[in-house]
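Coordinates in review
As a plain string of letters, each chain reads:
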Amino acid sequence: AKQIPGSAFALFDPQLDRRASSMLQAEQLLDKAVRAREFQLVYQPKFHCGSRQLSGFEALVRWQRPDGQRISPADFIPAAERTGQILALGELIIDIALQQIRQWHQQGQVLPVAINVSPVQFTHPRFADRLLERLAQSGLPRGLLEIEITESAAMTELDEVLRQLEQLGAAGVPCAMDDFGTGQSSLTMLRKLPIRTLKLDRSMVEPLPRPEAAAIVEATCALGRSLNLEIVAEGVETEEQAAALERLGATHLQGYLLGRPLEPAAATALLQHRGED
Ligand code: C2E
Ligand code: CA
Ligand code: CA
Ligand code: CA
């Protein structure tokens, strides 16, 4: 995952007009890339606590330039959110994910795949309608597609987000709140949004098993349990962290310790070999 040094996405030029022109360039580049479908999804596995059995995948977008360079989502998602290009890109991501889920389903695999959805996508009043239309066209049964959403400053039209999340949930597309425990995901949102899962941010997982960190994670898991939520711990990198999370009440684990994001072929192989050995 190499990043382009000084690329059009390094928008930190001190000279304002140069910055403006590089922003325009970045926007045009991204437009072209969406039209040329230069994006792929990689799939990071999630596992049940305790059994450590595969429980699902999270789809993460990658921008593969024609010259082979790969641009990380952290370098273009925020820009795409600012320009509104996340709407077109988000539709492309949904298409790619549904195609992959269909392929797995045709192979007899039944495992949920979560896609990341930007709050900006919910500013489009027909976001949920369109997603459900596509899902219906795909002929997939309920429960195979999930979404993950991060609260953000962009979540200004909360009523609109709420309405659409409820629509999706009622149609069998559950939602996870991403990055819980950062400033971006709050208890207020937890109370207001219809979610099924909390994803504990890596910053909560990283200091485990230190006692202060463990106390916070334990209390969060207890809160989640009392609200009937699943708790996915993300960014699990060490066995000590995994063991602490299992003891403290998380329900699922995700992170480099158990599985990195995988190319589609590698994710397919993991699916086919689960349960063996
Ligand atoms: P996220 O949704 O919180 O995803 C987790 C990020 O942490 C991913 O980075 C993943 O590769 C990385 N990660 C997973 N396990 C570990 C670990 O054990 N240690 C460490 N250090 N990192 C780990 P990635 O793929 O670069 O994605 C970054 C962010 O970009 C995502 O954070 C998400 O907010 C956004 N993003 C990714 N794909 C999409 C997408 O399709 N749509 C939208 N709207 N946003 C996306
Ligand atoms: Ca996520
Ligand atoms: Ca996250
Ligand atoms: Ca994140």
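Residues numbered from 1 in each chain as written. Chains lettered and ligands numbered in written order. Predicted model: local features only at pLDDT ≥ 70, side-chain atom pairs only at ≥ 80, totals over all residues. Heavy atoms only, no water.

As a further point, take a nonpolar patch on the surface. Side chains of L187, L223 and L227 sit close together on the surface and give an oily, nonpolar patch of about 260 Å² of accessible area. We classify L227 as partly exposed; its relative accessible area is 43%. (Patch = residues over 30% accessible without salt bridge, like charges linked within 9 Å, V, L, I, M, F, W, Y side chains within 5 Å. Areas by Shrake-Rupley, 256 points an atom, 1.4 Å probe, with all protein chains shown as cover. Salt bridge = Lys/Arg side-chain N within 4 Å of Asp/Glu carboxyl O. Buried < 20%, exposed > 50% of the residue type's maximum accessible area, 1.4 Å probe, protein only.)

Of all five residues in strand β4 (residues 113–117), four are buried; the element is thus mostly enclosed. Relative to strand β5 (residues 145–149), β4 is paired through five bridges, and the arrangement is parallel. In the sheet register, N116 faces β5, and the bridge partner there is E148. Handedness of the β-α-β unit built from β4, helix α4 (residues 127–138) and β5 comes out right-handed. (Helix = DSSP H or I, 4+ residues; strand = E, 2+ residues; numbered from the N terminus. Pairing = 2+ DSSP bridges. Right-handed = clockwise from strand over helix to strand, strands pointing away.)

Here we come to the coordination of the calcium ion (ligand 2). Around the calcium ion (ligand 2), the donor atoms from the protein are E58 (OE), N116 (OD1), E148 (OE) and D178 (OD), and they sit 2.2 to 2.3 Å away. The sequence pattern describing where the donors of the calcium ion (ligand 2) fall on their chain is E-x57-N-x31-E-x29-D. Separating the calcium ion (ligand 2) from the calcium ion (ligand 3) is a gap of 4.1 Å, which D178 spans by donating to each of them. With E58 in strand β2 (residues 54–64) and D178 in strand β6 (residues 175–180), the pair connects residues that are 120 residues apart, well separated along the chain. (Donors = N, O, S within 2.8 Å, 3.2 Å for Na, K, Ca; no water.)

Turning our eyes to something else, we now look at the site of ligand 1. For ligand 1, the set of nearby residues contains 20 residues, the closest of which are Q44, R62, D178, E237 and Y256. One of the side-chain nitrogen or oxygen atoms of Q44 is found 3.0 Å away from a nitrogen atom of ligand 1. For ligand 1, a nitrogen atom lies 2.5 Å from a polar atom in the side chain of E237. Breaking the shell around ligand 1 down by element, the ones donating at least two residues are β2 and β6. The class makeup of the residues in the shell around ligand 1 is eight nonpolar, five polar and seven charged. (Near = heavy atom within 4 Å. Polar contact = N/O pair within 3.5 Å; in protein donor to acceptor, adjacent residues only side chain to side chain. Nonpolar A, V, L, I, M, F, W, Y, C, P; charged D, E, K, R; others polar.)

Time to look at the pairing of strand β8 (residues 230–233). Here strand β7 (residues 197–200) pairs with β8 via four bridges, running parallel. The residue of β8 that forms the bridge with L198 is I231. Examined bridge by bridge, β8 and strand β9 (residues 252–253) share two bridges and lie parallel to one another. Bridging from a neighbouring strand, V232 pairs with H252 of β9. The parallel pair β8 and β9 is bridged by helix α9 (residues 239–248), and the resulting crossover is right-handed.

This next bit is on the packing of helix α3 (residues 86–106) against α4. Running from N to C, α3 and α4 point in directions that differ by 25°, and their axes come no closer than 11 Å. As far as their axial angle goes, α4 and α3 are roughly parallel. In the crossing of α3 with α4, the sense of the turn from one axis to the other is right-handed. Of the residues in α4, those touching α3 at E91, I94, D95, L98 and R102 are F127, R130, L131, R134, L135 and S138. Of the residues in the contact of α3 with α4, the class split is five nonpolar, one polar and five charged. (Axes fitted to C-alpha atoms, helices over the stretch in contact; angles between N-to-C directions. Parallel < 35°, antiparallel > 145°, perpendicular 65-115°, else oblique. Left-handed = near helix turned anticlockwise from the far one by under 90°. Contact = heavy atoms within 4.5 Å.)

Moving on to unusual backbone geometry. Cis geometry marks the peptide bond from L208 to P209, where omega comes out at 5°. By secondary structure assignment, the location of P209 is in the loop between α7 (202–205) and α8 (211–226). The phi dihedral of R52 falls on the positive side, at around 55°, and the residue is not glycine. Examined against the element boundaries, R52 turns out to sit in the loop between β1 (39–48) and β2.

This part covers the environment of E58. Judged by its relative accessible area of 6%, E58 falls in the buried class. For E58 and D129, which are 71 residues apart along the polypeptide, the C-alpha to C-alpha distance reads 22 Å. E58 has contacts with V42, Y43, Q44, K46, A114, N116, E148, D178, K199 and Q254, leaving out every residue within four places of it along the chain. At a separation of 2.9 Å, a polar atom in the side chain of E58 contacts the side chain of K199. Here Q254 takes part through its side chain, which lies 3.0 Å from a polar atom of the side chain of E58.

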